[in-house]
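Structural features, examined
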Amino acid sequence: MTAPPVVTDQPSRIARGRGATSRRGSKKLFLSIVPLLVLVFLFSYFPLYGWVYSLFDYRPARGLSGSKFVGLQWFQLLVSSPTQVSQIVQVMANTLGMSFLGIASSVLPLAFAVFLNEVRSKWFRNTVQTLTTLPNFISWVLVYMIAFSMFSSTGLVNNVLVSSGIITIPVKFLDSDTHVWLAMAGWGIWKTLGWGAILYLAAISGIDQALYESAKVDGAGRFQTMWYITVPQLMPTYFVLLMLSVANILNNGMEQYYVFQNAFNKTHIQVLDLYVYNVGITGNSLSLATAVSMLKSIVSVVLLLTVNAIAKRVRGTSIV
Amino acid sequence: MATTTTTPRGTQRSVRDLGFTIFNYAVFLLLALVCGYPFYYLIINSISANDVSALGDVRWWPVGLQFSNYRQAFSLQGLPQAALVSVGRTVLGTAATVLASAYLGFMFTQERMWKRALWYRLVVLTMYFNAGLIPVFLIMKVLGLTNNFLVYLLPFVVQPFFIILVKTYVESLPTSLEEAAEVDGASVFKIFWQIVLPNMTPILATIAIFSAVAQWNSFQDTLIYVTDQSLYTLQFLLYMYINQAASLAQAAQQAGGNIGAVASAATSQTATSIRTTVAVVVVAPILLIYPLFQRFFVKGIMLGAVKG
């Protein structure tokens with residue numbers, strides 16, 4: 001989970017530096033950051049130029065100038081070729097389906113925090129927090145390694161089930177096309193649950209204790225304070241994070257799905273980001289993949305702006 | 001917490017409270033085990049007798065304790081090189097990101113800089129859009145960064161989120177120090193190096209730790225931009241060992257084992273021993289630094305969430 005960023009674009013509270021002194025001084029400061037601005041240009045703005053590849057039938061061997069200009073052919077292909085359309089429909093179903101599962105599970109970190117807050121033993125709480133936040137800091141390759149040692153046909157779970165006589169043939173948990181979305185959502189939860197709760201735990205520690213005390217005086221029990229005080233106080237944080245995940249509905253990333261991908265689950269694991277990689281890099285259809293990349297980027301920006309506008313109307317402040 | 005009152009209602013409540021408390025502890029104990037046990041499982045398997053671990057019989061504690069796997073792991077083909085690449089990109093990449101974030105974050109507080117607001121907006125804007133995987137790949141090729149070690153460093157130098165963190169932090173520092181130095185005639189650059197930078201260490205530590213973890217864990221850039229084996233990272237190598245039996249067998253032979261044959265001895269390499277050992281090598285830095293620097297991680301996410 002990425003935290004919502006802070007953007008303070010207003011002039012600094014206190015004017016820094018000697019105000020507008022010599023113009024030469026101000027240019028000198030600018031020149032000193034030029035090399036870094038060049039990097040920003042090269043890696044963030046210049047790639048937008050790469051969108052022109054979607055208008056060509058790009059062949060790496062011939063270079064862009066030697067490749068044929070085809071206009072909007074790739075975009076037309078996306079909506080006219082039946083095989084292409086059915087592929088895209090499946091990919092979109094995977095993308096939205098798994099994003100939806102991610103959004104549906106976004107209450108879990110909140111619940112985690114509310115319940116962990118009821119644990120009185122400090123060392124137990126700290127131990128739980130350290131262990132449950134750890135998976136957030138390992139790579140997806142390692143998550144896959146863990147999945148492999150637990151759930152492959154020679155993994156721990158199958159070993160235990162076979163040796164205890166519950167099953168005779170190992171279950172293929174990983175090499176299977178059933179429940180792929182759920183399994184992926186499950187690994188996502190395993191990786192991010194504890195870390196996602198950190199933000200809520202901090203918000204809880206900021207709640208005015210007087211609220212709890214007056215509730216207790218009024219005879220509120222433990223569950224009532226949890227439900228009527230803690231949970232409502234966390235709602236603003238929850239709302240911001242929810243809005244951000246809605247804005248990122250197309251951005252599943254590809255790493256998780258790439259490492260878990262195999263010949264058996266390919267149909268249901270291919271999200272948009274992975275599809276672009278498979279078509280572009282593995283399949284070498286760079287122009288078609290550029291067209292899909294480009295559409296995705298545009299839709300993502302529109303989504304972000306829309307969600308931000310909605311948040312602005314509901315909360316009065318923007319989320320980005 | 002459970003209040004012991006003598007009224008029936010109070011007793012009922014305290015019994016219910018006790019039940020909840022036990023349930024709550026049990027659930028969190030389970031969650032902690034689900035998150036922690038897999039790491040333990042990898043570690044005990046990597047230090048057990050290889051003929052036992054290959055059968056999947058190492059579950060609770062090491063069986064036939066031995067540490068030779070770690071010595072042998074470093075004779076696997078390509079592994080020392082991959083370790084060098086991973087360590088190199090982590091150290092150099094983190095240093096570059098920290099310095100650039102500190103410098104740009106500070107410079108964006110200097111109002112007399114020419115068109116300061118414009119440059120700042122251009123940098124921040126890059127957080128909200130992305131040209132897309134393939135266009136970026138094509139441009140990296142144009143720039144000559146495919147199969148180039150620099151692809152691990154240059155794209156990560158300027159990170160808008162870190163720059164915002166530094167800028168906000170510098171703005172919260174008292175201006176008196178800076179002003180005093182200026183009265184003494186110190187240049188902006190001198191003020192940055194000698195006054196502001198030393199006062200930024202808390203925020204820079206947070207940035208360093210996040211950036212180091214990201215560098216160490218990075219896998220996708222090797223996958224997309226690199227085909228030259230001498231530039232493989234540890235993460236990439238581990239992925240190959242899990243998924244490609246051929247490369248695993250080859251690696252094992254180099255280390256004096258034979259994957260195809262039934263593991264015969266406690267120290268000859270098996271698929272399990274190589275995978276678990278390399279996995280532990282890959283995760284060890286995270287396991288070692290995470291508990292020590294947990295507060296920096298937590299601080300990082302808090303700083304990012306000020307607005308939420």
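Starting from 1, residues in each chain are numbered consecutively following that chain's sequence as written. Following the order in which they are written, the chains are lettered starting with A and the ligands numbered starting with 1. The predicted origin of the model limits local features to residues at a pLDDT of at least 70 and limits the giving and counting of side-chain atom pairs to 80 or more, whereas totals for whole chains, interfaces and linings rest on all residues. Excluded from the side-chain calculation are hydrogens and water; included are all heavy atoms of the structure.

1. Details of the nonpolar core
Rules: Joining through side-chain atoms within 4.5 Å is the link that ties buried Ala, Val, Leu, Ile, Met, Phe, Trp, Tyr and Cys residues into a set, and such a set is a nonpolar core. Think of it in three bands: with a 1.4 Å probe and only protein chains considered, a residue is buried below 20% of the maximum accessible area for its type, exposed above 50%, and partly exposed in between. For each domain, the first and last residues come from an automatic or database assignment. Residue contacts are counted whenever heavy atoms from the two residues lie within 4.5 Å of one another.
Membership of the largest hydrophobic core comes to 167 residues, with the highest contact counts inside it found for Phe260(A) and Met200(B). Two domains each put at least three residues into this core: domain 1 (8-75 + 232-304) and domain 2 (79-229) of chain B. Setting aside chain neighbours within four positions, we find Phe260(A) in contact with Trp140(A), Val143(A), Tyr144(A), Ala147(A), Leu174(A), Met184(A), Trp187(A), Asn265(A) and Ile269(A).

2. Some points on the confidence of the model for chain B
Residues and elements named next belong to chain B. For clarity, the cut-off: Confidence per residue, as judged by the predictor, is encoded in pLDDT with a range of 0 to 100. Counting from the N terminus, the helices are DSSP H or I runs at least four residues long and the strands are E runs at least two residues long.
Confidence in the prediction for chain B averages 87 pLDDT; 89% of positions are at 70 or higher. The secondary structure element of chain B with the lowest average pLDDT is helix α13 (residues 245-254), at 66, and the one with the highest is helix α4 (residues 79-107), at 96. With pLDDT under 50 throughout, residues 1-6 is counted as low confidence; its partners more than four residues away or in other chains account for nine contacts.

3. What to know about the packing of helix α6 (residues 122-133) of chain A against helix α9 (residues 180-205) of chain A
Residues and elements named next belong to chain A. Keep this limit in mind: A fitted line through C-alpha atoms serves as each axis, taken over the contacting stretch for helices, and the angle formed by two N-to-C directions is quoted from 0 to 180°. Each angle gets one of four labels, with under 35 degrees taken as roughly parallel, over 145 as roughly antiparallel, 65 to 115 as roughly perpendicular, and the rest as oblique. Asp, Glu, Lys and Arg are counted as charged, while Ala, Val, Leu, Ile, Met, Phe, Trp, Tyr, Cys and Pro are counted as nonpolar; the rest, among them Gly, fall into the polar class.
Between α6 and α9, the least distance of the axes is 7 Å, while the angle of their chain directions is 130°. Taken together, the axis directions place α6 and α9 in an arrangement best described as oblique. Contact residues: Gln129, Thr132 and Thr133 in α6; Gly194, Trp195, Ile198 and Leu201 in α9. Per-class residue counts for the contact of α6 with α9 are three nonpolar, four polar and no charged.

4. As for a nonpolar patch on the surface
All names here are of chain B. Here is the rule we go by: Here the term patch refers to residues with relative accessible area over 30% and no salt bridge, with like charges joined within 9 Å and nonpolar side chains (Val, Leu, Ile, Met, Phe, Trp, Tyr) within 5 Å. Where accessible areas are quoted, they stem from the Shrake-Rupley method and a 1.4 Å probe; at the residue level, only the protein chains shown are allowed to cover. The working definition used for a salt bridge is a side-chain nitrogen of Lys or Arg within 4 Å of a carboxyl oxygen of Asp or Glu.
The grouping of Tyr40, Trp60, Trp61 and Val63 at the surface amounts to a nonpolar patch, some 480 Å² of accessible area in total. You can see tryptophan 60 is positioned in the loop between α2 (50-53) and α3 (68-73). For tryptophan 60, a relative accessible area of 58% corresponds to the exposed category.

5. Remarks on the interface of chain A and chain B
So the rule is basically this: Buried area: the accessible area, evaluated with a 1.4 Å probe, that two parts lose upon being put together, summed over both parts. Polar contact criterion, stated in full: a pair of N or O atoms within 3.5 Å, where within protein one must be able to donate a hydrogen and the other to accept it, and residues adjacent in sequence count only if both atoms are side-chain atoms.
Taken residue by residue, the interface counts 108 residues in chain A and 108 residues in chain B. Interface area, chain A with chain B, both sides summed: about 10,000 Å², of which 71% is carbon and sulfur. Taken together, the links from chain A to chain B amount to zero salt bridges. For the pair chain A and chain B, the number of links is 17 residue pairs in polar contact (both at pLDDT 80 or more). Counting residues per element, the side of chain A that touches chain B draws most heavily on helix α1 (residues 23-45) of chain A, at 16 residues. Class assignment for the residues of the side of chain A that touches chain B results in 67 nonpolar, 28 polar and 13 charged.

6. Overview of α6(A)
Residues and elements named next belong to chain A. Basically, it comes down to this: Helix span, as expected, comes to 1.5 Å for every residue beyond the first. For this quantity, the arc is that covered by the directions from the helix axis to the C-beta atoms.
Look at α6: 16 Å from first C-alpha to last across twelve residues, which is about the 16 Å you get at 1.5 Å a residue. Here α6 has its buried residues at Phe124, Val128, Gln129, Thr132 and Thr133. Projection of α6 onto a plane perpendicular to its axis shows the buried side chains occupying an angular sector of 140°, all on one side. Exposed and oriented more than 90 degrees from the buried face of α6 are Lys122 and Trp123. Two or three places before phenylalanine 124, at the opening of α6, serine 121 has a side-chain oxygen 3.3 Å from that residue's backbone nitrogen.

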